[in-house]
Amino acid sequence: MNDYLNHLNPEQKLAVEQIDGPMIVIAGAGSGKTRVLTYRIAHLIKNGVNPFNILSLTFTNKASREMRDRIQKIIGDNDAKNIWMGTFHSVFSKILRIESHYINYPKNYTIYDTEDSKSLTRSIIKELNLNKDFYKVNIIRSRISTMKNNFISPDEYVNNPEIVLQDKIAKRTKFIDIYKSYINRCIKYSAMDFDDLLINTYKLLNSFPEILLKYQRKFEYILIDEYQDTNHIQYLIIKKLAALNENICVVGDDAQSIYAFRGANIQNILNFQSDYPDFKSFKLEQNYRSTKSIVETANHLISFNKKQLQKKVWTNNSIGSSVVIHKCSSDNEEAKLVANTIFDLKIRDDFFNNDFCVLYRTNAQSRAIEEALRKKNINYKIYGGISFYQRKEIKDILAYFRVIVNQNDDESLKRIINYPSRGIGLTTLNRLSLKAIENNRSIWSIIKNIENIDININKGTKNKLIEFYELIQKFILMSQKCDAYTLANDIIHSSKIYTELHNDKTPEGVSRFENIQELLNGVKTFAEQSEDEVSLGNYLQEIALITDMDNENDNEADKITLMTIHAAKGLEFPNVFVVGIEENLFPSMLSLESEQDLEEERRLFYVAITRAMKNLFLSYSTFRFRWGQYIDCSESRFLNELDDKYVVRNEQEVHFSKPKFSFKKKSFPTTNRSLKSVKKIENHEAENYVGHKFSIGDRIEHQNFGKGSISNIEGFGSSTKACVNFDNFGEKTLLLKFAKLKLLNN
DNA sequence: ACCTCAAACATTTTT
DNA sequence: TGTTTGAGGT
């Protein structure tokens, strides 16, 4: 009756059969980690645990869905749908919907993504009339996020001299005002950003013991995947939830921790051991995924990291082909090489496009690869960058949805009040905003009473506002009677968005129109799939936390996958290309300052390598187009950390192309443009960098690090670096071409 | 109020 | 390089 356990090896079986108590599974890459989680949940259910009492947290919603399907197959009935499964954010947002009144939020609160949160920050900076040079939106936003994640409230901020000083040095003394305003605005708009979803869940469980007990009783069994990538707040929440039953199972691999920049903390693994002294520990060390060459290459690389848990990943698989390192002359050549290799391998070994994946460090690198693949007529899909729901035209429609569901959301209202344009301009909007702030009310409520409010807006504009009010009001009334699809359809038509986009026959316009159609289809599918009455609000909740990875539309099509290494976590492909393995790109220039960051980059490379099952191709180029300039690059230090025994190098800067395909090359003329630009840049460099004005001992000033003195200068041309001893930030090595150092006299 | 064009800006990774 | 913001004209 337990014959499903025969699908597991002895290591895996041990972990699956452990039912009660705290346990940690350290699982090497490709060792069947997901398999263990899936079978363990099935095993729990088979042993009488009610699916309602299981909480399973994964890294993507897609992973959840796949796991649920597999559990369903193993246990053979429909119970699996009752398991609480999803990402931290989606599960917590569900809890917050249910308990929203405890934390003074309405049930239909809006979720702000990073873009929304940025634009809120931007408008606050503008309102406070602050200098954009010192108050950069991205920096301020990420600082707000850091504060929140460390539980530093505005009050605590003021009482923390060290943090206050940091902002003083960076000339951001008004940061506290932005921070306060940001928090107040979110509350006023009934909106939560990604951080709030975690923080408010923690506050909820921390302040209301009866709620905590409710969920402790509900979640008798808790399982967490990718535990190495949980952050501190997530850890605290889980600790609370698990405190009653202590049936907690975490699975992870410290060697694959790649989200420290987002607050992920390997310390969580160590904490686990002290929080639950009687924990059981399991190790999965046999790799089933990759050839011996790939496994050993990865092992050799990761041994250069000092900080790691003891683990020896091994495999019974055959040695396979050697890992190939290619040197290329430019990013475009590199891309062509990838496309040609794919073309060749497909013919020689009968691979499908689905069997290939191209990985890179930054999203911007995808362009060259895309171009080369298009020229070869190879289909590809690309993950990351702007996802479907981030597109402008989609966000515009979603802003309508949001306002209809939650009229407090001023940010969304601002977005649609003049889209499509209805003669309500910036001046009017500014006056409305001001009035709203004065009276501490939402813009919507000002518009609602526009006729009775003393405001400097002329009669004609007032009428336009009334028209707008009536339009939205109509939608609000409809939303109480209609399903989401009917309503969405009506919104797009009666707001005139449909006509406007339909009349736009430019290629971009057509694509926008198609995207709107796709959105409508999405709403329809959602409405049909769901069992209970589907409101627009439900739909918004659902999509707020969806990412590119979660879309399964493309699953049928045979396409090559392009994505960042971060996005490739948990995936595997027969053939993997990792491109752009160069100093300052991978490892990233920003990670060179500390050993910790560098080790994270190395783990990232480890993740990239271990995605491959059969063939692994690594490449770098000596010239690359970056920031609108050609930059010369050198081979990444990581390539020297690979084991020569399993690696072959192709040092010649030749194009990968067999004689039988050489006629194809005519379709890739080397662009003259690129050569011209190179010459131009060289002259440019000669002016700017060879004869730079700095010498050892000079006092300088840096935008972020303040004042300091130069202790050393090395390199030449565009790679000239200066070692600077900063008065407040210690020693740093900076590239002169990027760091805009100001020479201080005397 | 709206449109158009040029200048400025930005490049790490993401739920 | 590609996108976004702001100034200036209509």
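Just above sits the structure.
Fair warning: this is a prediction, and the values are worked out from it, not measured in the lab.

With respect to the nonpolar core
Phase 1 of the analysis: Core analysis: the largest hydrophobic core is formed by 62 residues, its most contacted members being Leu55, Ile95, Ile178, Phe219, Ile224, Leu241 and Ile248.
Phase 2 of the analysis: Leaving out residues up to four positions away in the same chain, Ile248 has contacts with Gly21, Pro22, Met23, Ile222, Ile224, Ile238, Ala242, Phe272 and Tyr276.
Phase 3 of the analysis: Leu432, Trp444, Ile453 and Ile476 belong to the second largest nonpolar core, which has 53 residues in total.

What to know about the sheet that holds strand 11 (residues 323-328)
Phase 1 of the analysis: Spatial ordering of the open sheet is given by 13-14-12-15-16-11-19, a layout of 7 strands whose pairing is parallel. Of all the strands in the sheet, just strand 13 (380-382) and strand 19 (647-650) have a single pairing partner and so form its edges. Each neighbouring strand pair of the sheet contributes to a mean axis angle of 20°, computed without reference to strand direction.
Phase 2 of the analysis: The sheet contact formed by strand 12 (residues 356-360) and strand 15 (residues 573-578) spans 4 bridges and is parallel. Each residue of the ladder has a partner; that of Cys357, found in strand 15, is Val576.
Phase 3 of the analysis: Sheet strands touched by helix 14 (residues 292-302): strand 11 and strand 16 (612-621). Its angle to strand 16, the strand with the most contacts, is close to 55°.
Phase 4 of the analysis: Packing against the sheet, helix 26 (residues 595-609) makes contact with strand 12, strand 15 and strand 16, and its axis sits at approximately 130° to strand 16.

Let's talk about the sheet that holds strand 2 (residues 54-58)
Phase 1 of the analysis: Read across the sheet, 6 strands follow the order 3-2-6-7-1-8 without closing on themselves; strand pairing throughout is parallel. Two strands in the sheet have a free side with no partner beyond their single neighbour: strand 3 (84-87) and strand 8 (280-284). Adjacent strand axes in the sheet meet at a mean angle of 15°, parallel and antiparallel pairs treated alike.
Phase 2 of the analysis: Where strand 1 (residues 23-27) meets strand 8, 5 bridges bridge the pair, whose relative direction is parallel. What sits directly across from Met23, in strand 8, is Lys280.
Phase 3 of the analysis: Strands in contact with helix 12 (residues 232-242) are strand 2, strand 6 (221-224) and strand 7 (248-252); relative to strand 6, the strand with the most contacts, it is inclined by about 155°.

Concerning the pairing of strand 15
Phase 1 of the analysis: With 6 of its 6 residues buried, strand 15 lies for the most part within the structure.
Phase 2 of the analysis: Bridge count between strand 15 and strand 16: 5 bridges; the pairing is parallel. Paired with Phe577 across the two strands is Phe617, which belongs to strand 16.
Phase 3 of the analysis: Between the parallel elements strand 15 and strand 16, the chain passes through helix 26 in a crossover that is right-handed.

Structural notes on the packing of aromatic side chains
Phase 1 of the analysis: Tallying each qualifying case throughout the model produces 22 aromatic pairs.
Phase 2 of the analysis: Taken together, a centroid distance of 5.2 Å and an interplanar angle of 55° make the contact between Phe151 and Tyr202 tilted. Pair noted here: Phe151 is in the loop between helix 6 (137-149) and helix 7 (154-158) and Tyr202 is in helix 10 (residues 194-207), with a separation of 51 residues, a long-range link.
Phase 3 of the analysis: Classification of Tyr202 by relative accessible area gives buried; the value is 16%.
Phase 4 of the analysis: Between the aromatic rings of Phe577 and Phe617, the centroid separation amounts to 4.7 Å while the plane-to-plane angle is 15°, which identifies the pairing as stacked. Residue Phe577 is found in strand 15, and its partner Phe617 is found in strand 16; the two are separated by 40 residues along the sequence. The same class applies to Phe577 as to Phe617, namely buried.
Phase 5 of the analysis: Aromatic rings pair up to connect Tyr227, Phe272, Tyr276 and Phe279 into one cluster.
Phase 6 of the analysis: A cation over a ring is seen here: Lys94 above Trp84, with NZ or CZ 4.1 Å from the ring centre.
Phase 7 of the analysis: The ring of Phe59 carries Lys569 above its face, with NZ or CZ at 4.0 Å from the centroid.

Some details on the pattern of salt bridges
Phase 1 of the analysis: Enumeration over the complete set of coordinates arrives at 31 salt bridges.
Phase 2 of the analysis: Ionic pairing is found between Lys239 and Asp275, a salt bridge with its closest N-O pair at 3.8 Å. Of this pair, Lys239 sits in helix 12 while Asp275 is found in helix 13 (residues 267-275), placing the two residues 36 residues apart along the sequence.
Phase 3 of the analysis: Accessibility expressed as a relative area gives 36% for Lys239, which makes it partly exposed.

Rules behind the numbers
Residues numbered from 1 in each chain as written. Chains lettered and ligands numbered in written order. Predicted model: local features only at pLDDT ≥ 70, side-chain atom pairs only at ≥ 80, totals over all residues. Heavy atoms only, no water. Core = buried A, V, L, I, M, F, W, Y, C linked by side-chain atoms within 4.5 Å. Buried < 20%, exposed > 50% of the residue type's maximum accessible area, 1.4 Å probe, protein only. Contact = heavy atoms within 4.5 Å. Pairing = 2+ DSSP bridges. Helix = DSSP H or I, 4+ residues; strand = E, 2+ residues; numbered from the N terminus. Axes fitted to C-alpha atoms, helices over the stretch in contact; angles between N-to-C directions. Right-handed = clockwise from strand over helix to strand, strands pointing away. Phe/Tyr/Trp six-rings, centres within 6.5 Å; stacked < 30°, edge-to-face > 60°. Lys NZ or Arg CZ within 6 Å of the ring centre and 35° of its normal. Salt bridge = Lys/Arg side-chain N within 4 Å of Asp/Glu carboxyl O.

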